[in-house]
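The primary structure of each chain is shown beneath.
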Amino acid sequence: MSLNNSKDKQEWTEQDRLELAAKLDAELDEFIDGLEKKRYEEGWPEDRWQEEMEKHPFFMRKAPQPGDEVHPMLAGLQKLKYDPEENTKEELALNYKEDGNFYMKHKKFRMAVYSFTEGLKVNCDNDDVQATLYNNRSAAQFFLKNYRSALADAQTALSYKPDYVKALWRAAQCASHLQRFDLCAQLCEDLLDHNSDHQMAKELLKKNSFEKMETARNHRKQLIKAKRDLEEFHRLKEALEERQVKFECKSSITMELIKPKFSPLEDFPVHLDDEDQKTLIWPAAFSYPEFLFSDFQQQLSEEVTMFDCLTSMFAEPLPQDKGGQYFVDNLNVYYENRKLGTVHKVDLEKTIKEIMKEKSFFITGGALLFYVVPKDSQIEKEFLNTQRRGTVYS
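Residues numbered from 1 in each chain as written. Predicted model: local features only at pLDDT ≥ 70, side-chain atom pairs only at ≥ 80, totals over all residues. Heavy atoms only, no water.

1. Describing helix α9 (residues 181–194)
Right, so step 1: For α9, which comprises 14 residues, the first-to-last C-alpha distance of 20 Å matches the rise-based estimate of 20 Å (1.5 Å per residue) to within 8%.
Right, so step 2: Every buried residue of α9 is listed here: Phe 181, Cys 184, Ala 185, Leu 187, Cys 188, Leu 191 and Leu 192. The arc that holds every buried residue of α9, seen down its axis, measures 165°, which confines them to one face. For α9, exposure combined with an orientation more than 90 degrees from the buried face picks out Asp 182 and Asp 193.
Right, so step 3: In this structure, the buried residues of α9 make contact with α7 (147–160), α8 (165–177) and α10 (199–242). (Helix = DSSP H or I, 4+ residues; strand = E, 2+ residues; numbered from the N terminus. Expected span 1.5 Å × (residues − 1). Buried < 20%, exposed > 50% of the residue type's maximum accessible area, 1.4 Å probe, protein only. Arc of directions from axis to C-beta. Contact = heavy atoms within 4.5 Å.)

2. A look at the packing of helix α4 (residues 89–105) against helix α5 (residues 109–122)
A pair of packed helices can be characterised by two numbers: the angle between their axes and the separation between those axes.
Right, so step 1: Axis separation between α4 and α5 bottoms out at 8 Å; the angle between their running directions is 170°. Classified by the interaxial angle, the pair formed by α4 and α5 is roughly antiparallel. Residue-level inspection shows Lys 89, Leu 92, Ala 93, Tyr 96, Lys 97, Asp 99, Gly 100, Asn 101, Tyr 103 and Met 104 of α4 in contact with α5, the latter providing Phe 109, Met 111, Ala 112, Ser 115, Phe 116, Glu 118, Gly 119 and Val 122.
Right, so step 2: Along the lines of polarity and charge, the residues of the contact of α4 with α5 split into ten nonpolar, four polar and four charged. (Axes fitted to C-alpha atoms, helices over the stretch in contact; angles between N-to-C directions. Parallel < 35°, antiparallel > 145°, perpendicular 65-115°, else oblique. Nonpolar A, V, L, I, M, F, W, Y, C, P; charged D, E, K, R; others polar.)

3. Looking at the pairing of strand β3 (residues 293–301)
Right, so step 1: Note that strand β2 (residues 280–288) and β3 share seven bridges and pair antiparallel. Each bridged residue has a counterpart across the sheet, and for Ile 281 the counterpart in β3 is Ser 301.
Right, so step 2: Connecting β2 to the next strand, β3, in antiparallel fashion are four residues, including Leu 292 with a positive phi near 55°. (Pairing = 2+ DSSP bridges.)

4. Comments concerning the UniProt feature "coiled-coil region" (unreviewed entry) in the protein chain
Right, so step 1: In this structure's numbering, the residues bearing the UniProt feature "coiled-coil region" (unreviewed entry) are residues 216–243.
Right, so step 2: Summarising residues 216–243: 96% helix, 0% strand, and an end-to-end C-alpha distance of 41 Å. (UniProt positions renumbered as here; feature names shortened; annotations may be inferred.)

5. Let's talk about empty space enclosed by the protein
Right, so step 1: The tally for this structure, following the rule as stated, stands at two cavities of 30 Å³ or more.
Right, so step 2: Approximately 50 Å³ is the volume found for the largest cavity.
Right, so step 3: Those elements that provide at least two residues to the lining of the largest cavity are β4 (331–337) and β6 (368–374).
Right, so step 4: Here the lining of the largest cavity is built from residues that sort into five nonpolar, one polar and two charged.
Right, so step 5: Looking at the second largest cavity, the residues that line it are Arg 243, Val 245, Leu 280, Trp 282, Glu 302, Lys 353, Met 356 and Lys 357.
Right, so step 6: Counting only elements with at least two residues in the lining of the second largest cavity, the list comes to β2 and α13 (352–357).
Right, so step 7: Element by element, the count of residues in the lining of the second largest cavity is highest for α13, at three residues.
Right, so step 8: Among the residues forming the lining of the second largest cavity, the class breakdown is four nonpolar, no polar and four charged. (1 Å grid on protein atoms, 1.4 Å probe; cavity = no way out; pocket = protein on both sides within 12 Å on 5 of 7 lines; lining within 4 Å. Points joined across faces, edges and corners; volume = space filled by probe spheres on them.)

Shown next as structure tokens:
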């Protein structure tokens, strides 16, 4: 008798298969319907999907800046690239150099300086690598116009690699921009010793020689001018002291003291006449209290009378004078003594020099200051009655 361990197979009709399929579909629908209704929140928001995508290392268009939040995958890649445990010092330095070169290519010079600096911080033992990092940082500083820093880096690169032509050239360029002519010449000559065909070094050497001579010539001119200006100031000072000219500020006469404080006059300080070197030429302001504006005489000779001055000023009618009151015979001129709070009427027949000799007259802000009003007018009364410190009329 033999044993049969196999089970009898069920015979499936087409109808049985259809019923089983329908049953499975129904169970699946029931399972899905029973799932908790929940919004999917782990994807990218519709309004920021592009921004989020660009943070992913595979799709980002630009490298993250220092301080930016870094994608976890990128953080992992960075760890592989910058982890001291995963790289030798030389490998780390070269990685940072690669970053710096990338930024240089895209003209991100400040980021390049940062990358090369990080590479130098590694302090690898390979002199060639150190020289390259210093020279590359010098280039980045050069394009930022930080010529002193660029020169220092280029010279440091040469301390690691004295025959480094690129560093010699960069240092020579920096020395030229800094007008260190002797250093520039020496660097160009050293460069040509290593590469006699370096055409740009030859041209810079010629330019440097010309600029050195030009700078020396300009320096001599400046010294001559400074000496001449000082001599002229001493003659002017003697003339002012001889006339006993009084300034509101009681101090010794300096160039700053005589510089006019009124904007239209600031380039026309008092000076001696170019022809006779005796007559003082003054800047002067004539204020019109009625109209709240001033006329300015940039070069008024001390030998001119106030009447002549007014005649020249009112050769044409004053545009603001709608009432026709401003003509020479109908005007009074005053000056103030701000120290005493007094106001003084000017004798129109006196010269500027004679007016300045009056005891109450002081120079105000490096210039002469007068007030012009119509005679016996309301504006004259208001001007005279303006409250000043202990106002006294004379």
